[in-house]
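Secondary and tertiary structure notes
One letter stands for each residue in the lines below.
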Amino acid sequence: MEVVPVAAIVNVVVQNLVDHGKKEISRVRGLEKEAEKLARSLDTIQKFLNDAEMSTIVSGEAVKSWLKKLEDVAFDADNILDEFNYHLLSKPIKSIKPMKEKVLSCFSSSNPIIRPRNMALKIKGINENLESIQTEAVGLGLVQRLRDVPALVDVTSETDSFTLDPIFIGRENAVSDIIKILTTSITTDERVISILAIVGMGGLGKTTLTRKVFNQLKGQTTFRSHIWVHVSQIFDPIVLFKKILKQLTPHQVEAEMSRQDIMKRMEEVLKDKTYLLILDDVWNENLPKWENFINSLLGVTSVNGNAIVVTTRNADVATTVNASHTSHLKQLSNDNCWSIIKEKCFGKEDFPTEFETIGRKIAERCQGLPLAANVVGGVLRNKSEEEWLSIEEKGLPRVEGDHITKILRLSFDNLSLPSLKECFAYCSIFPKGHKIERQKLIECWMAEGFLETDGSNDDMECVGDRFFHVLMHNSLLQVAWRDDYGNVQSCVMHDLVHDIACSILGSSGRVRYMVHCDESSPISEKVAKYLRTLLFEDKIYGKMFADFKRLHVLILADYGCKELPTSIRNLIHLRILVISSTQIKYLPDWIGELYWLQTLYADTAYLEELPSTLKYLTNLRHLYIQWAMKLTLPAEIGRLTSLQILEYFKVGDKDGYKIEELGSLNGLKGKLEISNLEMVENKAEAEKASLSNKSKLSELRLTWGMRGEVETTNDENVLEGLQPHSRLKKLEIKGFKGKIFPWWTQKMAVENVGEDCWVPLNKLTEIKLSNCSECEEIPMFGQLPNLKSLWLKGLSNVKSINSCFYGLVNEETLIVFPALETLELGEMSILARWEGVELSEAKVFPHLKYLIIEDCKQLMSFPNHSLSCLKHLIMRSIISYKPLANIFLTKLTSLTKLWLEGIDDLEYLPTWLFHSNPKMWELRIEKCPNLRALPDGLCNINSLEELYIRECPKLERVGDGGGEQSQSQSQSRGLLRHVEICECNALAYFPCEILQSSLEILKLNSLSSLQNLSSLIDFLPKLPHLIELTIIGVPQFKTTCSVEIPPSFSSLALLKIDASRSGSMEAVDGILQGCSSSHSLKILQLKGMENWENLPESIQHLNALTILKLENFAMEELPEWLGSLFSLELLELCFCKKLRRLPSMDAMRRLTRLKLLHISECPEICIEQQSEAVDSQWPNISHIPNVKIDGDKVGEYEYLFLFVYISIYFDFH
């Protein structure tokens, strides 16, 4: 137990008592003297604590014992005062309760009646204990020391990546090398899973490096699934599999799942997908444990091309996991460490040169560890040259040993406030590697009393936000995830930092904060009675929380829990209750007795009703709910005037449910959606919501419900009364039925009543207008300086987009839509004309990256403005080519995605299109009935990953083949994953050069004129990663060369072949032979020629087949070897006109997994249950649960099986 951190932690509790103790106790008549005495004692104790924390006296056992006693007394006092305040809170609430609720509350076991005499005795006891502790402090040599309260540096305004993310310098080549190793190994390694190990000491940046690799690969399509699991010291395969499954299917992991259930679900998710699995911070050297893990993982994987990256501090771990490649990270150079420190302190701007000499000396002491450099940079930030010198001389360790720990401890010691140190230590209750949600963390700090306002206008949430950013700037927390606007939403702690925080929190006398997830180790009553925070990930039952009387934070995670335990009713100190990860449908009425509750996470998808007593929770600040269409808020939500988070409000027509309930909630922050606005009668009623006074709202969604045909509506008046505050960042209006928008919406400016002027909504970054089907004109958006995204959908009465759309354009406003990046129009059925800006010097859409126009069938024009930044262009159901032709007047050079669909008069695309857009990764052209050719250059787009050409019946060519050079390039590029060419019956030639070795899905369907199918079939052996192959409705299924050794399709899982039009049995059999060795093929659909009297022999070796469909064969009987397909679950036979006999009864009964047999259009076969005919096949198949003959069910039929297998069959990919 260390003296300094414990003193800081206890100081926070004592400070809370100082702030609230005297004031609250003085409210009870007769306790004024005790209150004064308590205040004096606490003041003295706090001065002794300052000495214990700041002095250099030896931290003897006596001082530690004194701190332990003080800690217990302080927390006891805090608990007593909290209980007393609970009683005070309940008085005004009880006075407004109906009589029935008052009676029930009186008889409740949780009704804490605190009489003045009892309170006086408790306060007297606290004072006596504090006097004893004062006397002991004097005897220990502690002196009363005043403490300057330092100002907390305000860093919340700075959100640049260099200030928050771990600065990444000196490892750029390592990222490229590891990505290259991974992408190469999955093609060359014969193993199903390639394993790479990254080895290095703690603080060397293994996790940061791996996260860079992970995120880069996540942006590509090398792997279909990307999984990150933090392992740490305990290597438990079942725990790891649960974590993996939780990443793949977050809502399908149950607390009591068996290993068999886990593996079965993993197999369902991963069976046809390649994956990248990161196992971060592995310590396990036990080979049997690793083999137990990896063998199970191999059992659920059906395709090659997977990779595992293991990070570890121990080189022996790399040997244990049998890594095919091991990357040993080296320490950074002193120059790199100095660059990190410099960027952490000064950003990317120029820095004062006088800092360089001392800065380089400090960088040397980081010993090449990027974590140390990041942490030291955080300590040095905003400090003078003299302070840098002092830290270099006195603060940094000079000797070897636990060097990094001492540097991290320096960062902790540098935290200015005891409460900030407490907040840091608290983070260690989360497991290593856990992603900590920023908002939830701040709410927990609030619940524990770590955040107190300093008399400024800032509330506790603002103080928490500042604390969070200080910890980020000091690299004690690191970014895990940001939202689209760069705001940090979750963080992680580096393992070494976690160790420091654990040691600080653990140095306290008792366990007060806990994560419990081990059913085999119940929490003892002795521990439970002191706990204040509990994250409970275990099975929940009725009275299990009876002993946890001091809980402030309770987070429940048990998907099997359907009812809130009644014992929670007694937790009167509770500030946070989280039921997100449960199946609770109803919250009990007694929730309204938890008067201290600040935060309620009732955002489980199962919740159907909130209790009427919710209105009594007057301290509630954050109410999280989801499924607003399903869940209605209780009446009189407006009583909760402390609310800051309320994301959904559904307007009702009865008192207590009307929009006026929002009027008193002016502290609301973040997002608010108001639905059922058709229930609001007029502008005056809408104004009662007081949206213009809600200055902290950043997102507002206004929604009118579906209504029948009505001649007139009051929507225009209502929307006029819903004018928001000018600080709004996102606005959505849905279902509005007015013909014109009110003035504030038209002009995108709100009225400042006090100053009689209009203020532009210049902070708006996103606007959505949808299903506003009666409005005739689009508002003025062009002059909003920060607008990045604009969605206009379902404005079906707008005929044209004119100059009003752009706003006032003159010499002072030459840039129109200056920040717009995304513009989406859809379902505007009569939009015909889109005008541009008349002023030729004006720049319109200078930063537009994403343009989507859908279902605007009458649109005949697009403004002729340069779209040089455009990356995504999607035009669907436009009919006319003219708007696209207007866009193509600009030679686009940055396209990464092009999707053209339903453009009737499109015949040709510009010749420059593919040559000028080398970074295009997706091309879709569909339902263009007059398209005749694609321009040359398609084969040479090195970045292309997905190609879809569908329903273009006149398409004759898709560009040149590109020659031998292109073919060699196609084998080296390895990016193309998906090719689908369907219903293009005029296409005579498809270049093999387009196909690449990385291809996973190839579909050729209804290409009746294709002449080079045989060349494409010959090319198939060069596609080792093929997962799905479909060739249907294409003539000449043949090969032009004979191959003695068949190709290996090691990953092929689905194969559909139609050889009915001049097909070759040898070509079909060759492909099937290539599948037989890998056991990956699950689904086979084969259509033969009418004169083929035998099945391809290679089918009998496809032991992994689960679904088999055979069509159009001329055999009279099925071979006996069909009974060797032990995995078969569905068998379909159709249009086999001569088929008489199935395999024997013995053979059919060997198919123990067969659940569905479907036979159709096979007229010669006899399957009659009651028939005595010798050739009846019923005895052979009577054991099969589901049999269907020509659409008729035979025997007992299980619809569930039919549904499952038809779904698998048609939705395989």
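Residues numbered from 1 in each chain as written. Predicted model: local features only at pLDDT ≥ 70, side-chain atom pairs only at ≥ 80, totals over all residues. Heavy atoms only, no water.

Using the following cut-off: UniProt positions are given in the numbering used here, feature names are shortened, and annotations may be inferred rather than shown by experiment.
Going by the annotation in an unreviewed UniProt entry, the name recorded for the protein is Disease resistance protein RPM1, with Salvia splendens given as the source organism. Note on the protein: under the UniProt heading Sequence similarities (unreviewed entry), the record states "Belongs to the disease resistance NB-LRR family."

**Looking at the packing of helix H15 (residues 370-380) against helix H17 (residues 403-413)**
Two measures define how a pair of helices packs: the angle their axes make with one another and the distance between the axes. This is how the line gets drawn: All axes here are fitted lines through C-alpha atoms, helices being fitted over the stretch that makes contact, and every angle between N-to-C directions spans 0 to 180 degrees. Runs of H or I in DSSP of at least four residues are treated as helices and runs of E of at least two as strands, each being numbered from the N terminus. Angular relationships are summarised with four words: roughly parallel below 35 degrees, roughly antiparallel beyond 145, roughly perpendicular across 65 to 115, and oblique for the angles in between. Helix crossings fall into two classes, left-handed where the near helix is turned counterclockwise from the far one by less than a right angle and right-handed where it is turned clockwise. Any pair of residues with heavy atoms lying within 4.5 Å of one another is described as a contacting pair. Residues are grouped as follows: Ala, Val, Leu, Ile, Met, Phe, Trp, Tyr, Cys and Pro are nonpolar; Asp, Glu, Lys and Arg are charged; every other residue, Gly included, is polar.
The geometry of H15 relative to H17 is characterised by a closest axis approach of 9 Å and an angle of 25° between their N-to-C directions. Classified by the angle their axes make, H15 and H17 are roughly parallel. At the point where H15 passes H17, the crossing takes the left-handed sense. Counted together, Leu-371, Ala-372, Val-375, Val-376 and Val-379 of H15 and Ile-404, Ile-407, Leu-408 and Ser-411 of H17 form the full contact between these two elements. Here the residues of the contact of H15 with H17 are counted per class, giving eight nonpolar, one polar and no charged.

**Let's talk about the sheet that holds strand S7 (residues 478-482)**
Inclusion rule: Pairing between strands is defined by DSSP: at least two bridges between them are needed.
Strand order across the open sheet formed by three strands is S6-S8-S7, with antiparallel pairing between neighbours. Strands with a single pairing partner mark the edges of an open sheet, and in this sheet they are strand S6 (436-437) and S7. Both S7 and strand S8 (residues 488-492) contribute to a ladder of four bridges, which runs antiparallel. In the strand pairing of S8, Gln-478 is matched with Val-492. The strands that helix H20 (residues 460-473) touches are S7 and S8; relative to S8, the one it contacts most, it runs at about 50°.

**Some thoughts on the packing of aromatic side chains**
Just so we agree on the cut-off: Put simply, two rings from Phe, Tyr or Trp (the six-membered ring, in Trp's case) pair if the centres are within 6.5 Å, and we call them stacked under 30 degrees between planes, edge-to-face over 60, tilted for the rest.
Counting across every chain of the model gives 28 aromatic pairs. Here Phe-241 and Phe-293 contribute two aromatic rings whose centre-to-centre distance is 5.0 Å and whose plane-to-plane angle is 15°, an arrangement assigned as stacked. Of the two residues, Phe-241 is situated in helix H9 (residues 237-248) and Phe-293 in helix H11 (residues 287-299); the sequence distance between them amounts to 52 residues. Ring centres of Tyr-426 and Tyr-513 lie 5.2 Å apart, and the angle between their planes is 75°; on these two criteria the pair is classed as edge-to-face.

**Digging into the pattern of salt bridges**
Counted only if it meets this: Each reported salt bridge corresponds to a side-chain nitrogen of Lys or Arg within 4 Å of a carboxyl oxygen of Asp or Glu. Note on exposure labels: buried denotes an accessible area under 20% of the residue type's maximum, exposed denotes more than 50%, and partly exposed covers the range between, all computed with a 1.4 Å probe on protein chains only.
Per the counting criterion, the structure on display carries 43 salt bridges. The salt bridge involving Glu-356 is made with Arg-360; its shortest N-O contact spans 3.0 Å. Here Arg-360 and Glu-356 lie together in helix H14 (residues 356-364), a separation of four residues that amounts to about one turn. You can call Arg-360 partly exposed: its relative accessible area is 32%. Its salt-bridge partner being Glu-699, residue Lys-730 comes within 3.8 Å of it at the nearest N-O pair. Of this pair, Lys-730 sits in strand S19 (residues 730-734) while Glu-699 sits in strand S18 (residues 697-703), and the two are 31 residues apart along the sequence. Take Lys-730: its relative accessible area is 18%, and that puts it in the buried class. Owing to a relative accessible area of 25%, Glu-699 belongs among the partly exposed residues under this scheme. Shared partners join several salt bridges into a network, and the residues in it are Lys-897, Glu-922, Arg-924, Glu-926, Arg-950 and Glu-980.

**Digging into a negative patch on the surface**
Going by this rule: Patch construction takes residues with relative accessible area above 30% that form no salt bridge. Like charges are linked within 9 Å, and nonpolar side chains (Val, Leu, Ile, Met, Phe, Trp, Tyr) are linked within 5 Å. The accessible surface values rely on the Shrake-Rupley method and a 1.4 Å probe; as for residues, cover is taken only from the protein chains in view. Counted as positive: Lys and Arg. Counted as negative: Asp and Glu. His and the chain ends are not counted at all. The atoms used to mark charge sites are NZ of Lys, CZ of Arg, CG of Asp and CD of Glu.
The grouping of Glu-354, Glu-385, Glu-386 and Glu-387 at the surface amounts to a negative patch. The residue Glu-385 is located in helix H16 (residues 385-395) in this model.

**Focus: the pairing of strand S30 (residues 872-876)**
Put simply, the rule reads: Think of it like this: strands point away, you trace from the first strand over the helix to the second, and a clockwise trace means the crossover is right-handed.
Taking burial as the measure, the five residues of S30 include four buried ones, the bulk of the element. Bridge analysis of S30 against strand S31 (residues 897-901) gives five bridges, and the strand direction is parallel. Bridge pairing in S31 places Leu-873 opposite Leu-898. Handedness of the S30-helix H26 (residues 882-887)-S31 crossover: right-handed.

**Examining the environment of Glu-716**
Tracing the chain through its elements places Glu-716 in helix H24 (residues 715-720). Here Glu-716 falls in the partly exposed class, since its relative accessible area comes to 31%. Discounting residues that sit within four places of it in the chain, Glu-716 has contacts with Phe-736, Gly-738, Lys-739, Ile-740 and Pro-742.

**Re the pairing of strand S12 (residues 576-581)**
The pairing of strand S11 (residues 553-557) with S12 spans four bridges and is classified as parallel. Directly across from Leu-554, in S12, lies its bridge partner Leu-577. Where S12 meets strand S13 (residues 599-602), three bridges bridge the pair, whose relative direction is parallel. Bridge pairing links Val-578 to Tyr-601 in S13.

**Quick look at the sheet that holds strand S9 (residues 513-516)**
Taken together, the seven strands give an open sheet; going across it, the order is S9-S10-S11-S12-S13-S14-S15, and neighbouring strands pair in parallel fashion. Single-partner strands in this sheet number two, and they are S9 and strand S15 (645-646). Examined bridge by bridge, strand S10 (residues 533-536) and S11 share four bridges and lie parallel to one another. Along S11, the bridge assignment pairs Leu-534 with Leu-554. Here helix H19 (residues 438-447) sits on the sheet and contacts S11, S12, S13 and strand S14 (622-625); the angle it forms with S14, its principal contact strand, is near 140°.

**Thoughts on unusual backbone geometry**
In this structure, Asn-322 is a non-glycine residue whose phi angle is positive, near 60°. Structurally, Asn-322 is set in the loop between helix H12 (315-320) and strand S5 (325-328). Residues other than glycine seldom take positive phi values, yet Phe-1135 does so here, at roughly 55°. Counting through the fold element by element, Phe-1135 comes out in the loop between strand S40 (1130-1134) and helix H30 (1145-1149). On the basis of relative accessible area, Phe-1135 is assigned to the partly exposed category, the value being 36%.

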